[in-house]
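So the chains spell out like this:
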Amino acid sequence: MLNEAKNFIQTYYEETGRSEQELEARLIEVEQQILTQGSYEQTLDELSYGAKMAWRNSNKCIGRLFWQSLHVLDKRDLHTEESIFEALLAHIEYATNNGRIRPTITVFSAHDIRIWNHQLIRYAGYETENGIIGDPDSVKFTRVCENLGWRGNNGPFDVLPLIIQLKDNPPKLFEIPKTSVLEVPIRHPEFNWFADLGLKWYAVPMISSMKLEVGGITYVAAPFNGWYMGTEIGARNLADDNRYNMLPTIAESMGLNTRSNASLWKDRALVELNAAVLYSYKEDGVSIVDHHTAAQQFKRFEANEIEAGRDVTGNWSWLIPPLSPATTHIFHKPYPNEKKTPNYFYQKDPY
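This write-up is about the structure you can find in this document. Predicted, not measured: the structure shown is a model, and the values here were computed from it.

1. Digging into the side chain of S138
Here S138 shows up in the loop between β5 (131–134) and α5 (139–147). Looking at S138, the relative accessible area reads 4%, which means it is buried. Here S138 is in contact with R122, Y123, A124, G125 and L160, once residues within four sequence places are set aside.

2. Quick look at the pairing of strand β4 (residues 125–128)
Here 4 bridges tie β4 to β5, and the two strands are oriented antiparallel to one another. Looking at the pairing, E127 lines up with I132 of β5.

3. Regarding the sheet that holds strand β6 (residues 162–166)
Spatially, the 3 strands line up as an open sheet ordered β3-β6-β7, and their pairing is antiparallel. Strands at the two margins of the open sheet, each flanked by one partner only, are β3 (113–115) and β7 (172–174). Recorded for the sheet is a direction-independent mean angle of 25 degrees between the axes of neighbouring strands. Pairing of β6 with β7, which is carried by 3 bridges, proceeds in the antiparallel orientation. Looking at the pairing, L162 lines up with F174 of β7. Strands in contact with helix α4 (residues 81–96) are β3, β6 and β7; relative to β6, the strand with the most contacts, it is inclined by about 140 degrees.

4. Describing the packing of helix α6 (residues 230–237) against helix α8 (residues 265–283)
α8 packs onto α6 with a crossing angle of 140 degrees between their chain directions and a minimal axis gap of 9 Å. Taken together, the axes of α6 and α8 lie oblique to each other. Like other packed secondary-structure pairs, α6 and α8 cross with a definite hand, here right-handed. Here G230, T231, I233, G234 and A235 of α6 lie close against α8, whose contacting residues are L270, L273, N274, V277, L278 and Y281. A per-class count over the contact of α6 with α8 returns 7 nonpolar, 4 polar and no charged.

5. Brief notes about the environment of W193
Residue placement: W193 occurs in the loop between β8 (183–185) and β9 (200–202). For the pair W193 and G149, spaced 44 residues apart in sequence, the C-alpha to C-alpha distance is 38 Å. Apart from the residues within four sequence positions on either side, W193 is in contact with I250, S253 and M254.

6. Topic: the packing of aromatic side chains
Per the counting criterion, the structure on display carries 21 aromatic pairs. Pairing F8 with Y12 gives two aromatic rings, centres 6.2 Å apart and planes at 15 degrees, and the pair type is stacked. Of this pair, F8 and Y12 both sit in helix α1 (residues 2–15), 4 residues apart, roughly one helical turn. In this pair, the class of F8 matches that of Y12, namely buried. Relative to Y228, the ring of Y202 lies with its centre 6.0 Å away and its plane at 50 degrees, an arrangement referred to as tilted. Remark: Y228 occurs in strand β14 (residues 228–229) and Y202 occurs in strand β9; sequence separation between them is 26 residues. Judged on exposure class, the residue Y202 and its partner Y228 are both buried. It is R18 that lies over the ring of Y13; its NZ or CZ is 5.4 Å from the centre.

7. A look at the packing of α1 against helix α3 (residues 44–56)
Axis angle and axis distance: for two packed helices, these are the angle between their axes and the distance between the axes, and together they describe the pair. Between α1 and α3, whose axes approach to 11 Å, the crossing angle comes to 90 degrees. Judged by the angle between their axes, α1 and α3 are roughly perpendicular. Taken together, the residues of α3 that come into contact with α1 (itself represented by F8, I9, T11, Y12, Y13 and E15) are D45, E46, Y49, G50, M53 and R56. Looking at the contact of α1 with α3, its residues break down into 6 nonpolar, 2 polar and 4 charged.

Cut-off values and rules
Residues numbered from 1 in each chain as written. Predicted model: local features only at pLDDT ≥ 70, side-chain atom pairs only at ≥ 80, totals over all residues. Heavy atoms only, no water. Helix = DSSP H or I, 4+ residues; strand = E, 2+ residues; numbered from the N terminus. Buried < 20%, exposed > 50% of the residue type's maximum accessible area, 1.4 Å probe, protein only. Contact = heavy atoms within 4.5 Å. Pairing = 2+ DSSP bridges. Axes fitted to C-alpha atoms, helices over the stretch in contact; angles between N-to-C directions. Parallel < 35°, antiparallel > 145°, perpendicular 65-115°, else oblique. Left-handed = near helix turned anticlockwise from the far one by under 90°. Nonpolar A, V, L, I, M, F, W, Y, C, P; charged D, E, K, R; others polar. Phe/Tyr/Trp six-rings, centres within 6.5 Å; stacked < 30°, edge-to-face > 60°. Lys NZ or Arg CZ within 6 Å of the ring centre and 35° of its normal.

Structure follows, in structure tokens:
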């Protein structure tokens, strides 16, 4: 911890233009805290900058150009399930911002708090005799919620409750008020029948299952969000055959020949689904970015990093968009997938 703390503090003080004297004094303070208490308390400025650096170092994220705009909400003083739930609702409201989405992270105490959800807003998945209703990716967690007493409506877009656990206490379940969840009904700019499919998606992707590591301290409850890139919804969530699997339905509604791969029915349906997602979010005034613009923004991020004397790391298989990747510069470049800290890391499900 001491080494990681020193490396982080040094980087933070250098990048923010602090004096050598301030750096030395802070390093002595941090070392004394670690040696006497086994850990140290990060200042709000350190935590805020560390969370931003973690976004900058996120190899799988194409949206890193905006790392400095992350809003950091410090909730390390909360130690009851109810107060944590209220803070999560506040995060949802602040981040959603009536559709003008603000990149946000809420950081809770580094000890003994877990949010069981993968994302703060996520749709349920129900196993039935006639197949899965809702999101197949949520079937296991939906069952966990039901075992804790939750009952959904068995619909395709039921918002799951939040599950919060403190220490070794039994987990507590909280329903998210409908008024807190902004959703976008998906329609198409040209196909009137598209609205009849009844598709929708939530406005803000708020990851709550990853841990934030800053300067040797691990925050296991630190939900964060940016805004959607359209393909996350249109080429994955609604399109993957192990998710909502909408391509066959859309292709048939378009009158395409789905019996032959050579008709490229999947590609044509995929493009129209993505066009519908982008159109719907923009019509409703909800922040979203198309994959071509996102790739151009990532190119600017690369230039900024090189100018700042930093290497650009990346996970190529995640950075390329799942629709027309070869039309972006990212497809044609290698990136070293070196892990840097601060960063966000996966952690085991608590259930």
